[in-house]
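One-letter residues, chain by chain:
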Amino acid sequence: MASITVFQGAVVHSTDPQTLETLGEATLVVTDGRISAFYKSTDEIPADAFAADAPIHRLPPGEFLIPGFVDTHNHAPQWPMRGLGQGLHILDWLNEITFPVEARFADPKYAAEMYGHTVDDFLRQGITTASYYSSRHLEGTKILADICNRKGQRAFVGKCNMDRNAPDYICEKSAGDSLRETQECIEHIRSLPGCSKPTHALVKPVVTPRFAISCTPELLQGLGDIVKRDDTLAIQTHFNEAQQEIDATTELFPQFGGSEADLYESYGLLNARSILAHCTIMTDYEKERIEALKCGVAHCPIANMTVGGGFMVAPVRDFLRRGIKVGLGTDSGGGWASQMLAVIRQAMIASNAREVLSDGKDKALSFEEVFYLATLGGAKVLCLEDQIGSFAVGKEFDAVWVTTSTGLQSAMTPREEKDSLRRIFEKYIMTGDDRNVAHVYVRGRRVAGIR
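This is a predicted model, so every value here is computed, not measured. (Residues numbered from 1 in each chain as written. Predicted model: local features only at pLDDT ≥ 70, side-chain atom pairs only at ≥ 80, totals over all residues. Heavy atoms only, no water.)

Q: I'd like to hear about unusual backbone geometry, residue by residue, with values.
A: Across residues other than glycine, the phi torsion is negative in most instances, and most of the peptide bonds are trans. With an omega of 5°, the peptide bond between Ser332 and Gly333 qualifies as cis. Note that Gly333 resides in the loop between strand 14 (325–328) and helix 11 (340–357). Positioned with a positive phi, Lys294 is a non-glycine residue whose angle comes to about 65°. Here Lys294 shows up in the loop between helix 8 (284–292) and strand 13 (296–299). (Helix = DSSP H or I, 4+ residues; strand = E, 2+ residues; numbered from the N terminus.)

Q: Now, about the packing of helix 11 against helix 13 (residues 421–431): what can you tell me, with residues and values included?
A: Direction vectors running N to C along helix 11 and helix 13 enclose 95°, while the axes themselves pass 7 Å from each other. One element, helix 11, and the other, helix 13, form an angle in the roughly perpendicular class. Contacts between helix 11 and helix 13 involve Leu341, Ile344, Arg345 and Met348 on the former and, on the latter, Tyr428, Ile429, Met430 and Thr431. Of the residues in the contact of helix 11 with helix 13, the class split is six nonpolar, one polar and one charged. (Axes fitted to C-alpha atoms, helices over the stretch in contact; angles between N-to-C directions. Parallel < 35°, antiparallel > 145°, perpendicular 65-115°, else oblique. Contact = heavy atoms within 4.5 Å. Nonpolar A, V, L, I, M, F, W, Y, C, P; charged D, E, K, R; others polar.)

Q: Give me the pairing of strand 8 (residues 154–158): which residues, what numbers.
A: Counting buried positions along strand 8 yields five of five residues, so the element is predominantly enclosed. Inspection of the sheet shows strand 7 (residues 127–133) paired to strand 8 by five bridges, in the parallel sense. Among the inter-strand pairings, Ser131 is bridged to a residue of strand 8, identified as Phe156. For the segment spanning strand 7, helix 3 (residues 138–151) and strand 8, crossover handedness is right-handed. (Buried < 20%, exposed > 50% of the residue type's maximum accessible area, 1.4 Å probe, protein only. Pairing = 2+ DSSP bridges. Right-handed = clockwise from strand over helix to strand, strands pointing away.)

Q: Would you mind going over the packing of aromatic side chains in detail, with residue names and values included?
A: Per the counting criterion, the structure on display carries 16 aromatic pairs. Taken together, a centroid distance of 5.7 Å and an interplanar angle of 80° make the contact between Phe367 and Phe425 edge-to-face. With Phe367 in helix 12 (residues 367–381) and Phe425 in helix 13, this residue pair connects regions lying 58 residues apart in the sequence. Taken individually, Phe367 and Phe425 each receive the classification buried, so the pair is uniform in this respect. Taking 5.6 Å as the distance between ring centres and 50° as the angle between the ring planes, the aromatic pair formed by Phe397 and Tyr441 counts as tilted. Here Tyr441 lies in strand 16 (residues 437–442) and Phe397 lies in the loop between helix 12 and strand 15 (399–403), a separation of 44 residues in the sequence. The exposure class assigned to Phe397 is buried, which follows from its relative accessible area of 0%. We classify Tyr441 as buried; its relative accessible area is 6%. (Phe/Tyr/Trp six-rings, centres within 6.5 Å; stacked < 30°, edge-to-face > 60°.)

Q: Tell me about the nonpolar core, residues and numbers included.
A: Judged by nonpolar contacts, the single largest core of 115 residues is most densely connected at Phe64, Ile66, Phe69, Tyr132 and Tyr428. Here this core spans two domains, and each of domain 1 (4–66 + 390–448) and domain 2 (69–382) adds at least three residues to it. Those residues in contact with Ile66 that sit more than four places away from it in its chain are Val12, Phe371, Phe391, Asp398, Ala399, Val400, Val402, Phe425 and Tyr428. Ranked by size, the runner-up nonpolar core spans 16 residues in total, among them Leu28, Ile35, Trp401 and Tyr441. (Core = buried A, V, L, I, M, F, W, Y, C linked by side-chain atoms within 4.5 Å. Domains from an automatic or database assignment.)

Q: Tell me what's going on with the side chain of His137, and back it up with residues and numbers.
A: By the element assignment, His137 lies in the loop between strand 7 and helix 3. For His137, a relative accessible area of 8% puts it in the buried group. In this structure the side chain of His137 is engaged in a polar contact, spanning 2.7 Å, whose partner is the side chain of Ser135. In contact with His137, other than residues within four places in its own chain, are Glu102, Ala103, Phe105, Ala106 and Lys159. (Polar contact = N/O pair within 3.5 Å; in protein donor to acceptor, adjacent residues only side chain to side chain.)

Q: Outline the pattern of salt bridges, supporting the account with residue identities and numerical values.
A: Evaluated as defined, the whole model comprises 31 salt bridges. The partner of Asp434 in a salt bridge is Arg124, with the nearest N and O atoms 3.9 Å apart. Here Asp434, found in the loop between helix 13 and strand 16, pairs with Arg124, found in helix 2 (residues 108–124); they are 310 residues apart in sequence, far enough to count as distant. For Arg124, a relative accessible area of 42% corresponds to the partly exposed category. Salt-bridge contacts for Lys287 lead to Asp318; the nearest nitrogen and oxygen are separated by 2.7 Å. Taken together, the residues Lys287 in helix 8 and Asp318 in helix 10 (residues 316–322) connect sequence positions 31 residues apart. Take Lys287: its relative accessible area is 6%, and that puts it in the buried class. Since its relative accessible area comes to 9%, Asp318 is described here as buried. (Salt bridge = Lys/Arg side-chain N within 4 Å of Asp/Glu carboxyl O.)

Q: Provide a residue-level description of the pairing of strand 3 (residues 34–39), including the pertinent values.
A: Pairing of strand 2 (residues 19–31) with strand 3 involves five bridges; the strand directions are antiparallel. Considered in strand 3, the bridge of Val30 is made with Ile35. Between strand 2 and strand 3, which pair antiparallel and follow one another directly, the connecting turn spans two residues, one of which, Asp32, has a positive phi of 50°.

Q: I'd like a description of the domain arrangement of the protein, backed by residues and values.
A: Assigned domains of the protein: these are domain 1 (4–66 + 390–448) and domain 2 (69–382). Computed over C-alpha atoms only, the centres of domain 1 and domain 2 are separated by 30 Å. Facing 32 residues of domain 1, the contacting portion of domain 2 comprises 26 residues. Summing both partners gives a buried area of about 2,400 Å² for domain 1 against domain 2, and 60% of it is carried by carbon and sulfur. Of all residues in domain 1, Pro17, Ile429 and Arg443 give up the largest surface area on contact with domain 2, accounting jointly for 22% of the area buried on that side. Linking domain 1 to domain 2 there are four salt bridges. For Glu396, the salt bridge identified is with Arg154, shortest N-O distance 2.6 Å. The tally of links between domain 1 and domain 2 comes to nine residue pairs in polar contact (both at pLDDT 80 or more). Elements with a contribution of two residues or more to the side of domain 1 that touches domain 2: strand 1 (4–16), strand 15, helix 13, strand 16 and strand 17 (445–448). Broken down by element, the residue count for the side of domain 1 that touches domain 2 peaks at seven residues, all from helix 13. (Buried area = accessible area lost by both parts, 1.4 Å probe.)

Below you can see the structure in the form of structure tokens.
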């Protein structure tokens, strides 16, 4: 028998980059974790919309539903090192801070404990979907995937590939070992309960070359061959993140003339399922190539302004103008926050800076656009827009039930009696925190929340 749950009250979601739909008296009918009906006012509800005994959750005034946040770029083993090494250039930051921390995930016991905390933290922030880089360790990656599946977070999980230019204590022994373990991770994730069908799995594998600097040509080609054999696999990597990284890549791969687009494309690693993190320093040619190949960009404004060596501001307005898919990423630990709300706010600051740097050519992102990037835009980057990101009928019910504050219960600007739904929503986005997250749902299952 089908499981039916009804939600009645305020709903806010994006229908496109410019349109934020705010509905004060909506009704969502969720059947077996999927939205089976969406009535935008009480007048629309037919008498037989749902059974009389169906559970009904009524949202009181000042509370509303939004789609779950989508984190398109996240380093799970860096969660315990957030905020460390701010201001270091990217390669120095990796060697001095990141690699020693990631090396600890060779210990399965440590990995299980820390990844449990990591997933719990992101869920309580309302991040219902995350694309995770694991460390390079096989067992630790399996553990991360197991935890995501058990706790109910929608996730892409990838074993980080790195067979050169890393300390001996964390560098993989060979391209062959890296490829074998990658294939084993893919098979393990697809063996998890409910994950055997690639298109509908809650947890999915993602091919994860850390970046070209840390991968030999043999490894990159082998990963490209894996992707060629399986057209359901996603790919994620760092792309034109910082000048120091770009210079090192150009020195290692001079045949591509400084084009990371040509480099990754030559190995078969760029397509519509590619998630390219950062993309801060981009030529017109590189923009044209990733648009033509339908790649997605994971915009990580916090990390770009604090780690890497410079105030790097990705040209998001130009990406959107060209029709390139863009979502937001916490980039936890390069980004110091595990809150998507913090990323949204920094994305707005970054876009204002970009407008100045471009002499007004790239107009700052609107409030509507940035929320879109955190939800439906991120879903498009992950090729999940037909499943999540908004409350359209037929999509799965990934949602955050937000409760707002009237006093000092959280950092949020207090809700006042005459506030419109739009104003309350804006107060939450700009000043709220996890204390305003009453419930978090993935596929209709409650997975987190303060109540």
